[in-house]
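Descriptive analysis of the structure
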Amino acid sequence: MAMQNKARLPCTSSFLVLLWLLRPALGVPDPAQREQLMLQEASMQTGGRMTLTVAEQKLDARLHRLKEQEMNNIPFPPAVHFFKAKPLIQQSEVFKLLHRMPKGGALHIHSMSLVSVDWLVKNVTYRPHCYICFTWDNSVRFVFSERQPFPRWDCFYWQLLQTLRDRTGDPHAFDLSLVQQLTLFTDDPEGKYPNQDVVWEKFEKSFIAAAGLISHAPVLRDYLYQGLEELHQDNIQYLELRSGLSRTYELDGSIHDKLWTLRTFQQVSNKFKLDHPEFFGARIIISVHRALGVSEVKAAVKEAIELQREFPEVVAGFDLVGREDSGRSLWYFREALSLPAELGVTLPFFFHAGETDDEGTDVDQNILDALLFNTTRIGHGFALPHHPIAKELSRRRNVAVELCPISNQVLRLVSDLRNHPAATLMSEGHPLVISSDDPSLFGSSGLSYDFYQAFVGIGGLRANLGTLKELVLNSIRFSSLSAQQKETSQKMWQKKWDVFISACS
Ligand SMILES: *[C@@H]1O[C@H](CO)[C@@H](O)[C@H](O)[C@H]1NC(C)=O
Ligand SMILES: *[C@@H]1O[C@H](CO)[C@@H](O)[C@H](O)[C@H]1NC(C)=O
Ligand SMILES: [Zn+2]
């Protein structure tokens, strides 16, 4: 088109002279065409076709100016490890705005790392009857018990935590050492975690340590409420929590089943909604570990089908969790995962897939297999950009990728977040949502830190308020809520968004 237009222009000598003057050199590409291509490309990115109101445009301009300033900062937070970047991000004006922004749903968070470790240490470990034990591999275990707990295979000597804390004479230092046990935080992340194996080992140890605290029945109730409270404080309105529904125990050692956990979750989220009417709710994605065998996963799938039948409002679906690189592939579990289709029932899948940088392995294949098993979303999808067929399927079927930037950095898939492969997905407007995976273990909370990394690091200067708005709307659109619930939730979100825009633009 552009060529034809040019051919029709009058070709007088004065026009040629004008052209000669305008162009620095012969052979320079047509600026108008260049401009058009740039606009075309910009319209393809996440939020690229979003039309902004006048007030939104004002805030967008402000964000752009602030971002430009921050990009000159040395060190640039997305380029350094999150443990070092966190205090810098907290100072950022962009971050402060992202914190205030209503962010819709958090669709990828695990139940064992929902609540800040500060709360676990300062609140839970100060409760009476809490026992602690140090294992041979320098980890800890906790248990609440009305009498001295019996020795276990992993724990021989249990001490009353309060007695031990008092005896150390420095409760502050003691509490800090507990925080160390329950998070990955360190001043020297590169030195302490030289590779993925080391960081995953510490990661799994922290989970096991926290489990003894969280699965005490009275703690679990407060823990879930506190988790929703922390999300709410970060301006999040909805949660889909991956949970193994681990058994909970009482002080006398009696055990509750999974139905109890689901019922408790439902009661707590209903109570929270009553106390916070602008919160839409919370659902559970039942998750089992990928280290299990086929028959165990088969049993878990059957159980999930039954639990969903019993708690249709709470149970959203099913997932397999644990490190993909050392765990079993989705294809390995194909007999178990095809059960719902064989039984003629629906059990939506929300598979972690492609959380790997091992290209071409069985694990790398998880991403295509997740799609072949009709997954509703893809957890991480770090490997997606180099699987063109899977990428096309995910896009065509609107199977959103749950992007968790800080998790990928801390677990050592990428170090400088400007190089995160999702930059490609964002520039193409691939269906995406932002989440935080295991916020308490990484020392983050809610979604604001991950939004910062996605907006400033991965998206760069190109990402704008339209990008943010689309990412937030995606978290409702790609949630497991019913069509009608999505509509109501979006209306509730829009009200908060309008308030945010008028306060910040
Ligand atoms: C712990 O949290 C619970 C519920 O959130 C609260 O009632 C209690 O007062 C807190 N206890 C301490 C020691 O902070
Ligand atoms: C996936 O969906 C397709 C189309 O609806 C269906 O034919 C197929 O059986 C499903 N596969 C599984 C494993 O659920
Ligand atoms: Zn995860």
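Residues numbered from 1 in each chain as written. Chains lettered and ligands numbered in written order. Predicted model: local features only at pLDDT ≥ 70, side-chain atom pairs only at ≥ 80, totals over all residues. Heavy atoms only, no water.

Looking now at the site of ligand 1. In the vicinity of ligand 1, the contacting residues are Asn123, Arg127 and Asp222. In the environment of ligand 1, an oxygen atom lies 2.3 Å from a nitrogen or oxygen atom belonging to the side chain of Asn123. Here ligand 1, which alone exposes 360 Å², has 37% of that area covered by the protein. (Near = heavy atom within 4 Å. Polar contact = N/O pair within 3.5 Å; in protein donor to acceptor, adjacent residues only side chain to side chain. Areas by Shrake-Rupley, 256 points an atom, 1.4 Å probe, with all protein chains shown as cover.)

So, about empty space enclosed by the protein. A full pass over the atoms with the stated rule returns 3 cavities of 30 Å³ or more. Empty space within the largest cavity amounts to approximately 40 Å³. Along the walls of the largest cavity sit Gly244, Lys258, Ile286, Val288, Ala300, Glu303, Ala304 and Leu307, which together make up its complete lining. Within the residue set of the lining of the largest cavity, elements represented by two or more residues are β8 (281–289) and α14 (294–310). Ranked by the residues each element gives to the lining of the largest cavity, the list is headed by α14, at 4 residues. Along the lines of polarity and charge, the residues of the lining of the largest cavity split into 5 nonpolar, 1 polar and 2 charged. (1 Å grid on protein atoms, 1.4 Å probe; cavity = no way out; pocket = protein on both sides within 12 Å on 5 of 7 lines; lining within 4 Å. Points joined across faces, edges and corners; volume = space filled by probe spheres on them. Helix = DSSP H or I, 4+ residues; strand = E, 2+ residues; numbered from the N terminus. Nonpolar A, V, L, I, M, F, W, Y, C, P; charged D, E, K, R; others polar.)

Moving on, we come to the domain arrangement of the protein. Here the domain parsing of the protein yields domain 1 (86–115 + 226–504) and domain 2 (118–201). Computed from C-alpha coordinates alone, the two centres of domain 1 and domain 2 are separated by 28 Å. Counting residues at the interface gives 19 residues for domain 1 and 19 residues for domain 2. The interface formed by domain 1 and domain 2 includes 1 salt bridge. For Arg323, the salt bridge identified is with Asp197, shortest N-O distance 2.8 Å. Across the domain 1-domain 2 interface, the total number found is 7 residue pairs in polar contact (both at pLDDT 80 or more). Of all the elements in the fold, those that place two or more residues in the side of domain 1 that touches domain 2 are α12 (217–233) and α21 (439–442). Here the side of domain 1 that touches domain 2 is built from residues that sort into 8 nonpolar, 3 polar and 8 charged. (Domains from an automatic or database assignment. Contact = heavy atoms within 4.5 Å. Salt bridge = Lys/Arg side-chain N within 4 Å of Asp/Glu carboxyl O.)

Lining the immediate surroundings of ligand 2 are Ala341, Phe373 and Asn374. Contact distances for ligand 2 include 2.3 Å between an oxygen atom and a side-chain N or O atom of Asn374. For ligand 2, the protein covers 37% of the area, taking 360 Å² as the surface of the free molecule.

A few words on the nonpolar core. Nonpolar side chains in soluble globular proteins tend to be buried together. Ranked by internal contacts, the top residues of the largest apolar core, which has 142 residues, are Leu184, Phe318 and Leu337. At 8 residues, helix α11 (residues 196–214) tops the list of elements feeding residues into this core. For this core, the domains that each give at least three residues are domain 1 (86–115 + 226–504) and domain 2 (118–201). (Core = buried A, V, L, I, M, F, W, Y, C linked by side-chain atoms within 4.5 Å. Buried < 20%, exposed > 50% of the residue type's maximum accessible area, 1.4 Å probe, protein only.)

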